[in-house]
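Breakdown of the fold
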Amino acid sequence: PPRSTLFPYTTLFRSVESVLHYPRKARVMRLQGVTVVQFVIAADGSLTELELFETSPHGILDKAALRAVKEAQGAWGSPAKTVRLRFPIRFELRG
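In what follows, the accompanying structure is described. On a predicted model such as this, the values are computed, not experimentally measured, just so you know. (Residues numbered from 1 in each chain as written. Predicted model: local features only at pLDDT ≥ 70, side-chain atom pairs only at ≥ 80, totals over all residues. Heavy atoms only, no water.)

**Details of the packing of helix H1 (residues 9-19) against helix H3 (residues 59-72)**
H3 packs onto H1 with a crossing angle of 120° between their chain directions and a minimal axis gap of 8 Å. It follows that H1 is oblique to H3 by the angle criterion. In this structure, the crossing between H1 and H3 has a hand that is right-handed. Along the contact surface, H1 presents Ser 15, Val 16 and Val 19, while H3 presents Ala 68, Val 69, Glu 71 and Ala 72. Its residues assigned to classes, the contact of H1 with H3 shows 5 nonpolar, 1 polar and 1 charged. (Axes fitted to C-alpha atoms, helices over the stretch in contact; angles between N-to-C directions. Helix = DSSP H or I, 4+ residues; strand = E, 2+ residues; numbered from the N terminus. Parallel < 35°, antiparallel > 145°, perpendicular 65-115°, else oblique. Left-handed = near helix turned anticlockwise from the far one by under 90°. Contact = heavy atoms within 4.5 Å. Nonpolar A, V, L, I, M, F, W, Y, C, P; charged D, E, K, R; others polar.)

**What about the environment of Lys 63?**
Note that Lys 63 resides in helix H3. Lys 63 sits 40 residues away from Pro 23 along the chain, and the two C-alpha atoms are 9.4 Å apart.

**A short note on the sheet that holds strand E1 (residues 33-41)**
Taken in spatial order, the 3 strands line up as E2-E1-E3 in an open sheet, and their pairing is antiparallel. Each end of this open sheet is capped by a strand with a single partner; those strands are strand E2 (47-54) and strand E3 (83-91). For this sheet, the mean inter-axis angle between neighbouring strands, taken without regard to orientation, is 25°. Here 5 bridges tie E1 to E2, and the two strands are oriented antiparallel to one another. Considered in E2, the bridge of Val 37 is made with Leu 52. Its contacts with the sheet place H1 against E1 and E3, and it is angled at close to 40° to E3. (Pairing = 2+ DSSP bridges.)

Below is the structure:
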């Protein structure tokens, strides 16, 4: 398909990253992990079926990942058709 009809996945990932907050309690306790989220974006851009596909070792990180996807919803526009996505959200401390 022409590029203009492709869903902007990079925009979606960046929009989730931009609103992702590392929970303060998790930083203080030095908690790290990877949460894999899965969700559907309907043709009108609405978010449905948001769930954890793989959990991190820490529920506080899982909740932060789900919250980030919900908060980013308005930033990614509408796909040409309904799409199901799954991707990892990493919580890593540096230093």
